[in-house]
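Here are the chains, one letter per residue:
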Amino acid sequence: MKIRITMLLLSAPLLAVLAFAHNGMEHVMGTVKTISENSVTVQTAAQDPKIITVALLPSTKFVKSGGDASSKDLKVGDRVMVEAKENSSNKLEAVTVTFGKQPPHDANK
Amino acid sequence: MKLHTKVLLLLLAAVIGATGYATVLVRSGFSARDNPSAPEEFAARAIRSLSIPAAAKRAANPFQATPEILTQAREHFADHCATCHANNGSGKNEIGQNLYPKAPDMRLPQTQNLTDGEIYYIIHNGVRLTGMPAWGEADHDRDSWKLVLFIRHLPQLTPQEEKDMERFNPTSEIDREEKQQEEEFLNGEDSPKKKQNQTR
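Participant: If you had to explain the overall build of chain A to someone new, which residues and values would you point to?
Facilitator: Each helix and strand counted, chain A has 2 helices and 7 strands in total. Beginning at the N terminus, the succession of helices and strands in chain A can be written as α-α-β-β-β-β-β-β-β. Counting the 109 residues in chain A, one finds 17% classified as buried. Across chain A, the fraction of contacts at a sequence separation of at least 24, relative to all contacts at a separation of at least 6, is 51%.

Structure (structure tokens):
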């Protein structure tokens with residue numbers, strides 16, 4: 001019995017794999033309502049739209065139509081998909097801001 | 001003092017020391033967020049090294065690092081290894097950093113200074129009591145030798161190669177569906193549509 005319990009405890013890290021399907025990232029998809037140097041406000045595309053503000057950091061990556069871009073390329077009204085992480089104050093911080101027409105990709109992957 | 005008395009006292013001191021260390025270890029908990037202590041890391045590395053037979057350490061890689069083989073290995077790594085080790089081998093992702101011990105940065109000397117045979121042996125046999133499983137079948141493990149070549153290439157991995165690996169990272173059907181919805185939204189569709197599940 002003790003052996004079984006020990007094995008169960010040791011196998012626990014494998015179960016953790018299931019909990020990180022999104023790698024700890026929040027996805028915010030919607031239309032840019034306002035943009036400043038430090039943040040972008042997005043109205044989500046859900047059936048029940050919400051206004052969500054995401055902080056922009058110096059490390060935030062901007063990707064327009066599959067290529068590198070900067071915050072200056074982003075305009076009010078643009079459709080965006082923001083990958084963000086929650087900081088210790090429960091505020092969202094943008095890791096990647098993707099916008100513009102998307103290049104075609106391999107449907108198998 | 002007689003010799004056997006000295007030996008007994010030494011053994012007693014060793015038992016008391018080990019008991020004290022074990023008590024501190026247990027009392028401090030078994031969180032996977034911790035880093036192994038220096039003695040634990042030293043002991044684990046030493047035991048791992050001793051457990052690899054000398055002939056296995058000296059084994060030569062049957063493959064050469066041609067562009068074709070490196071591409072194969074890179075795609076294999078992205079599909080099988082990057083979940084814990086990250087595409088660039090840094091181990092800096094959510095799973096790699098929450099394992100005990102944490103996934104190592106394989107670009108650093110601690111990994112790069114191992115012999116090809118040692119790296120192959122670790123991939124092929126895994127490492128007990130860590131997150132590292134054994135890979136490949138017992139007598140058919142060409143892919144692991146190719147992975148050794150890719151691990152050697154990690155310090156020179158280009159941003160383009162790292163980006164390309166994302167195509168081969170494992171994703172669930174839900175992730176793929178979500179990505180498709182996001183792309184359709186960014187391409188101007190009115191609202192994200194829920195796709196029918198094709199496999200059920």
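Participant: I'd like a rundown of the overall build of chain B, residues and numbers included.
Facilitator: Within chain B, the regular secondary structure consists of 10 helices and 0 strands. Each helix and strand of chain B, placed in order from N terminus to C terminus, yields the pattern α-α-α-α-α-α-α-α-α-α. Taken over 200 residues, chain B has a buried fraction of 18%. Restricting to contacts in chain B with at least 6 residues of sequence separation, those with at least 24 account for 62%.

Participant: Got a sec to walk through the pairing of strand β4 (residues 61-64) of chain A? Specific residues and values, please.
Facilitator: Residues and elements named next belong to chain A. Direction of pairing for β4 relative to strand β7 (residues 92-99): parallel, over a ladder of 4 bridges. Within the sheet, the bridge partner assigned to K61 lies in β7 and is T96. As paired elements, β4 and strand β5 (residues 67-69) share 3 bridges and run antiparallel to each other. The residue bridging F62 from the neighbouring strand is A69, located in β5. Remark: 2 residues form the turn of the hairpin made by β4 and β5, two consecutive strands paired antiparallel; S65 in that turn has positive phi of roughly 50 degrees.

Participant: Kindly report on the pairing of strand β6 (residues 79-86) of chain A, identifying the contributing residues and their values.
Facilitator: All names here are of chain A. Across the 8 residues that make up β6, a large majority, 6, are buried. Judged from the 6 bridges that link them, strand β1 (residues 26-35) and β6 form a sheet pairing that is antiparallel. Paired with H27 across the two strands is E83, which belongs to β6. Direction of pairing for β6 relative to β7: antiparallel, over a ladder of 7 bridges. Within β7, the residue paired with A84 across the bridge is A94. Two successive antiparallel strands, β6 and β7, enclose a turn made up of 5 residues, where N90 displays a positive phi of approximately 65 degrees.

Participant: Give me helix α10 (residues 173-186) of chain B: which residues, what numbers.
Facilitator: With 14 residues, α10(B) extends 20 Å between its outermost C-alpha atoms, agreeing within 8% with the 20 Å of an ideal straight helix rising 1.5 Å per residue. All of the buried residues along α10(B) are B:Q181, B:E182 and B:F185. For α10(B), the angular spread of the buried residues around the axis is 100 degrees, confining them to a single face. At its buried positions, α10(B) is contacted by β1 and β6 of chain A. Where α10(B) ends, the next residue or the one after it, B:G188, has phi of about 105 degrees, a positive value.

Participant: Break down the environment of B:R167 for me, with residues and values.
Facilitator: Note on placement: B:R167 falls in the loop between α9 (159-165) and α10. The spacing of B:R167 and B:A78 is 89 residues in sequence and 8.3 Å in space, taken between C-alpha atoms.

So, how was this worked out
- Residues numbered from 1 in each chain as written.
- Chains lettered and ligands numbered in written order.
- Predicted model: local features only at pLDDT ≥ 70, side-chain atom pairs only at ≥ 80, totals over all residues.
- Helix = DSSP H or I, 4+ residues; strand = E, 2+ residues; numbered from the N terminus.
- Buried ≥ 20, exposed ≤ 12 C-beta atoms within 10 Å, placed from the backbone.
- Contact = placed C-beta atoms within 7 Å.
- Pairing = 2+ DSSP bridges.
- Expected span 1.5 Å × (residues − 1).
- Arc of directions from axis to C-beta.

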